[in-house]
Amino acid sequence: MSDSTERDLQQLPFLSAAHISTLVTSGEVSAREVATTMLQRIKDLDGDIHAFNEVTPELALAAADALDKRIADGATADELGQLAGVPVAFKDNMNQLGTHMTCSSRMLANFQSPYDATAVRRLLDANTIPLGKLNMDDLACGSSTESSATGPTYNPWNRKHVPGGSSGGSAAAVAAGMATITLGSDTGGSIRQPAAFTGTVGLKPSYGRVSRYGCAALASSLDQIGPLSHSVRDSALALSAIAGIDPLDASSLDVSVPDFAVACDHALQGTAKGMRVAIVSDVLQQDGLDPRLKAEVLTAAELLAQQGADIIEVTLPSAQYGPPAYYILGSAEASSNLARLDGVRYGHRAEDATDILDLYLRSRKEGFSPETIRRIMFGTHVLSSGNYDDYYLQAQKVRTLIKGDYAAAFKQADVLLTPSTPTLAFKFGEFADDPLAMYLSDYYTSLVNIAGIAALSLPTRLIDGLPASVQLIADHACETNLLRAATLLESSLNFDYRSVPLTKAAAVADA
């Protein structure tokens, strides 16, 4: 092995997707060397982070060897694609043949994927290297990954703090350099909130932009799959690979899928001149917002202004009703979707049940986490005949108002700017006795899911050793605007994601 090859492999965990792909397709580094390097890093570090529920060396090496053979047979970089050889991993609520799909729940502890989710299949077809399945909150119910039946994931920046949720494993794996790109799912902020807590880029595409087929449903009108990575461009590359209409998902959008990375490249070649960026002024006044994170939003706006953007202010008058509407709608849909996990057809089955009712009750009590049970009970309550009009129907009306607020805002602006989260990453157990405070960590993100539009969390700097971030929001199917603004802001911020203080020894010492 040459000195340059050895150096590339040492730097591999934090190289960009484009850099890795170029190394592999040019033959400077083999895909097998990429796979073995990343698998060793997972072995060295994940015992202290627990980002992975399942590591898949056989699948990773098989994909790497198949790619190396194609390269040896003369396949060109253009034929192999821009993600060839890039290490990826998937949230454990997505089916992938040859793996379990547990949703980090006792209810599905032994469930084996019968097929590939569409988003997973598309990323595999892009010649990526699949490293494994990632930890999450039980059935995606949570904002900290504390409810996982396999144990919590730790924040690579400080193991006393949560990585966020429910896609905590997806975010931590990228932050610790154990995967270049991961997929998560976002129902009310489950990509963007953990991205904010771990200093990664988390992209929630527009509703329908990415097929949900093969991803375990939580709230079907809110769920969306999206990528996490170290950079806006890497997330753009992943989005181009996984987006597009899918006949297996009736809600998928029949719209063209551009090369989103080109939007990033064009942004770097120009300025923000002509871009209209709006600070959402009223949400910055909400109680509970860390004033340091409010300052990050204002600083981000100033950086874009320096690049030529027009900065204005808009309001979302119905935003204050968004979080309660989100939890009503999300819990109602979760109650319906999770009814299929009954211990009869599949899932955990209680032993020695006396009758069918006893089987249902005990299987679900034993299989679900307390947080999942809380959401099912709340969702069933708001859907009951005496409460449907007062809660569920009213929440649907609020959804209409919020969509109208965003529509009005996007008549004035191309991109909106808000905090990603009200606080920095909180400590384990901090909200154990206060679920409402935990729910409010989704305040700024859940509004986007209600409206079905696109948003991205971008790290800005470290505060007290923890990542801070901002959220950029674009109208439905306007990811190009989102990525252009995020790329320009990213270029001004220069967040050093490689400074994560993670070594095996440091992780153990900090425990």
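The structure displayed is predicted, hence computed values, not measured ones.

Engineer: How do you make sense of the environment of Val-88 when you look at a structure like this?
Structural biologist: Within the element layout of this structure, Val-88 appears in strand E2 (residues 87-91). Separated by 144 residues in sequence, Val-88 and Val-232 place their C-alpha atoms 16 Å apart. When near neighbours in sequence (up to four residues on either side) are disregarded, Val-88 contacts Leu-123, Thr-128, Ile-129, Pro-130, Leu-131, Gly-132 and Ile-181.

Engineer: Could you clarify how one ought to interpret the pairing of strand E10 (residues 454-463) in this entry?
Structural biologist: Successive side chains on a regular strand alternate, one facing one side of the sheet and the next facing the other. Most of E10 is tucked away: 8 of the 10 residues are buried. The pairing of strand E5 (residues 201-204) with E10 spans 3 bridges and is antiparallel. Across the sheet, residue Gly-202 finds its bridge partner in E10, namely Ser-457. Bridge count for E10 against strand E11 (residues 466-474) is 8 bridges, and the pairing is antiparallel. Note that in E11 the partner of Ser-457 across the bridge is Gln-471. Between E10 and E11, which pair antiparallel and follow one another directly, the connecting turn spans 2 residues, one of which, Asp-464, has a positive phi of 55°.

Engineer: Explain the nonpolar core here, please?
Structural biologist: Nonpolar side chains tend to gather and get buried jointly when the protein is soluble and globular. Tyr-406, Leu-416, Leu-456 and Leu-472 are the most contacted members of the largest nonpolar core, which totals 136 residues. Here this core takes 8 residues from helix H3 (residues 31-49), the largest share from any one element. Those residues in contact with Leu-416 that sit more than four places away from it in its chain are Ala-278, Val-280, Val-314, Tyr-406, Ala-409, Phe-410, Gln-471, Leu-472 and Ile-473. With 14 residues, the next largest nonpolar core counts Cys-103, Leu-139, Ala-334 and Leu-341 among its residues.

Engineer: Explain the pairing of strand E3 (residues 129-134) here, please?
Structural biologist: The buried count for E3 comes to 6 of 6 residues, which makes it a mostly enclosed element. Here 3 bridges tie strand E1 (residues 52-55) to E3, and the two strands are oriented antiparallel to one another. Of the residues in E3, the one forming a bridge with Val-55 is Gly-132. For E2 and E3, the ladder comprises 4 bridges, and the chain directions are parallel. Its bridge partner lying in E3, Val-88 is registered against Pro-130. Handedness of the crossover joining E2 and E3 through helix H6 (residues 118-125) is recorded here as right-handed.

Engineer: Would you mind going over the packing of aromatic side chains with me for this structure?
Structural biologist: Two descriptors summarise a pair of aromatic rings, namely the distance from one centre to the other and the angle between the planes of the rings. In this structure the tally under the stated criterion is 12 aromatic pairs. With centroids separated by 5.6 Å and ring planes inclined at 90°, the aromatic side chains of Phe-197 and Phe-426 adopt a geometry described as edge-to-face. One end of the pair, Phe-197, is in helix H8 (residues 192-198); the other, Phe-426, is in the loop between strand E9 (415-418) and helix H16 (435-439), with 229 residues separating them in the sequence. Neither residue differs from the other here; Phe-197 and Phe-426 are each classed as buried. Seen in terms of ring centroids, Tyr-406 and Phe-410 are 6.2 Å apart; in terms of plane orientation they differ by 20°. Their pairing is stacked. Taken together, the residues Tyr-406 and Phe-410, both in helix H15 (residues 388-410) and 4 residues apart, mark about one turn of the helix. Among the aromatic side chains, those forming a connected cluster through ring pairs are Phe-197, Phe-426 and Phe-431.

Engineer: In this structure, what is going on with a nonpolar patch on the surface? I would like to understand it.
Structural biologist: Residues Val-344, Ile-356, Leu-357, Tyr-360 and Leu-361 make up a contiguous nonpolar surface patch of roughly 460 Å² in combined accessible area. Counting through the fold element by element, Leu-361 comes out in helix H13 (residues 356-367).

Engineer: Before we go on, may I ask you to explain unusual backbone geometry in this structure?
Structural biologist: Leaving glycine aside, a negative phi is the common case for residues, and trans is the common case for peptide bonds. The peptide bond linking Gly-165 to Ser-166 adopts the cis configuration, its omega dihedral lying at 5°. Residue placement: Ser-166 occurs in the loop between E3 and helix H7 (168-175). Positioned with a positive phi, His-50 is a non-glycine residue whose angle comes to about 55°. For His-50, a relative accessible area of 16% translates into the label buried. For Asn-494, which is not glycine, the phi torsion reads 55° and is therefore positive. Summarising the element assignment, Asn-494 is placed in the loop between helix H18 (479-493) and helix H19 (504-510).

Engineer: Where do I start with empty space enclosed by the protein in this structure?
Structural biologist: Using a probe with the size of a water molecule, rolled over the atoms, empty space left in the structure can be pinpointed. Overall, the coordinates contain 4 cavities of 30 Å³ or more when judged by the stated rule. Put simply, the largest cavity is a space of about 60 Å³. Lining the largest cavity are Cys-141, Thr-187, Leu-218, Ala-219, Tyr-326, Tyr-327, Gly-330, Ser-331, Ala-334 and Arg-375. At 5 residues, the largest contribution of residues to the lining of the largest cavity is made by helix H12 (residues 322-337). Residues that form the lining of the largest cavity fall into these classes: 6 nonpolar, 3 polar and 1 charged. Taken as a whole, the second largest cavity encloses approximately 50 Å³ of empty space. What lines the second largest cavity is Ala-140, Gly-142, Ser-143, Gly-188, Gly-189, Ser-190, Leu-218, Tyr-326, Tyr-327, Arg-375 and Asp-442. Classifying every residue of the lining of the second largest cavity by side-chain character gives 4 nonpolar, 5 polar and 2 charged.

Engineer: I keep staring at the layout of surface pockets and nothing clicks. Help me out?
Structural biologist: As a volume, the largest pocket reaches approximately 430 Å³. For the largest pocket, the lining is made up of 28 residues, of which Met-101, Cys-215, Ala-216, Ala-217 and Arg-340 are closest to its centre. Split into classes, the residues belonging to the lining of the largest pocket amount to 19 nonpolar, 5 polar and 4 charged. Here the second largest pocket is characterised by a volume of approximately 280 Å³. Surrounding the second largest pocket, 16 residues form its lining, Glu-146, Ser-147, Glu-371, Arg-374 and Met-438 being those nearest its centre. Grouping the amino acids of the lining of the second largest pocket by side-chain chemistry returns 7 nonpolar, 5 polar and 4 charged.

About the thresholds
Residues numbered from 1 in each chain as written. Predicted model: local features only at pLDDT ≥ 70, side-chain atom pairs only at ≥ 80, totals over all residues. Heavy atoms only, no water. Helix = DSSP H or I, 4+ residues; strand = E, 2+ residues; numbered from the N terminus. Contact = heavy atoms within 4.5 Å. Buried < 20%, exposed > 50% of the residue type's maximum accessible area, 1.4 Å probe, protein only. Pairing = 2+ DSSP bridges. Core = buried A, V, L, I, M, F, W, Y, C linked by side-chain atoms within 4.5 Å. Right-handed = clockwise from strand over helix to strand, strands pointing away. Phe/Tyr/Trp six-rings, centres within 6.5 Å; stacked < 30°, edge-to-face > 60°. Patch = residues over 30% accessible without salt bridge, like charges linked within 9 Å, V, L, I, M, F, W, Y side chains within 5 Å. Areas by Shrake-Rupley, 256 points an atom, 1.4 Å probe, with all protein chains shown as cover. Salt bridge = Lys/Arg side-chain N within 4 Å of Asp/Glu carboxyl O. 1 Å grid on protein atoms, 1.4 Å probe; cavity = no way out; pocket = protein on both sides within 12 Å on 5 of 7 lines; lining within 4 Å. Points joined across faces, edges and corners; volume = space filled by probe spheres on them. Nonpolar A, V, L, I, M, F, W, Y, C, P; charged D, E, K, R; others polar.

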